[in-house]
Amino acid sequence: MTLHAWTVFLVAVILLCGTPGPNMLHVMTRSMTFGARRSLAAMAGCLTALVLVLAASAAGVAALLTAWPRVFDALRYAGVAYLIVLGIKAWRGAGGPVDLGADTLPLTMSAARLFRGGFVIGISNPKLLLFAAAFLPQFVTPTAPQGPQFAILVVTFAALECFWYGVYAMGGRSLSAHLARPTVKRAFNRLTGIIFIGFGAALLRAKSA
């Protein structure tokens, strides 16, 4: 993996992780209800699930590419198609208010229970596995050892995810007030769509060059 490829990946993940999703909204609601410090357990649960899914996906893809190197191009083209489809779906997403669900939470909750809740939210997202399989290989150099490259990508992704957890946890009520507005949620959907489609199109042009 080149420094340029890693930099592009870094910028892409900064934008993608910052877009509100199940993990970010879960961390934010826990912070609003229990405080930023106690929400660390929920963050740990979400992050553990995310790293497990990304690592499993990366290991599977790396093994596949090692066994059948010619599959690499097919997988990359499939990844481009998948990213564009995700972008179209995000762009057409509903603009209704975000359901924060804070009023359904008990007043007290143990750290273990907060961790389990975060883990369940993270591990129950089947799109993450598909996303990892489609997105991560785009930044891997097929002629170089793939294990270390995937490890760098996973660690980078996890670090940026942690950063955004902190932003959402500290933002709390201010962020929730904005995200509950349909117009803002629609804008986030369209921003996400543009990001996915843009990267898919850029990767497609790179392959055709």
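Analysis parameters
- Residues numbered from 1 in each chain as written.
- Predicted model: local features only at pLDDT ≥ 70, side-chain atom pairs only at ≥ 80, totals over all residues.
- Heavy atoms only, no water.
- Phe/Tyr/Trp six-rings, centres within 6.5 Å; stacked < 30°, edge-to-face > 60°.
- Helix = DSSP H or I, 4+ residues; strand = E, 2+ residues; numbered from the N terminus.
- Buried < 20%, exposed > 50% of the residue type's maximum accessible area, 1.4 Å probe, protein only.
- Expected span 1.5 Å × (residues − 1).
- Arc of directions from axis to C-beta.
- Axes fitted to C-alpha atoms, helices over the stretch in contact; angles between N-to-C directions.
- Parallel < 35°, antiparallel > 145°, perpendicular 65-115°, else oblique.
- Left-handed = near helix turned anticlockwise from the far one by under 90°.
- Contact = heavy atoms within 4.5 Å.

Enumeration according to the criterion identifies four aromatic pairs in this entry. For the ring pair Phe-9 and Phe-139, a centre distance of 5.2 Å and an interplane angle of 70 degrees mean the geometry is edge-to-face. Highlighted residues: Phe-9 in helix α1 (residues 3-18) and Phe-139 in the loop between α6 (126-135) and α7 (146-179), separated in sequence by 130 residues. In this structure, Phe-9 and Phe-139 share a single accessibility class: buried. Between Phe-163 and Trp-164, the aromatic rings sit 5.3 Å apart at their centres with planes inclined by 70 degrees, giving edge-to-face as the arrangement. You can call Phe-163 partly exposed: its relative accessible area is 49%. Taken together, the ring pairs connect Phe-163, Trp-164 and Tyr-168 into an aromatic cluster.

Turning our eyes to something else, we now look at helix α5 (residues 111-123). Structurally, the α-helix is built with 3.6 residues per turn, so residues lying three or four positions apart point the same way. End to end, α5 covers 18 Å across 13 residues, agreeing with the expected 18 Å (1.5 Å per residue, within 8%). Looking at α5, one finds that the buried residues are Leu-114, Gly-118 and Gly-122. The arc enclosing the buried residues of α5, seen along the axis, measures out at 70 degrees, which places them on a common side.

Turning our attention to the packing of helix α2 (residues 22-34) against α5. Packed helices, taken two at a time, are described by the angle between their axes plus the distance between the axes. For the pair α2 and α5, interaxial distance at closest approach is 9 Å and the crossing angle is 160 degrees. When the axes of α2 and α5 are compared, the pair comes out roughly antiparallel. Where α2 crosses over α5, the two elements pack in a sense that is right-handed. Between α2 and α5, the contacting residues are Pro-22, Asn-23, His-26, Arg-30 and Phe-34 on the first element and Leu-114, Gly-117, Gly-118, Ile-121 and Gly-122 on the second.

As far as function goes, none of this settles anything; it's purely spatial.
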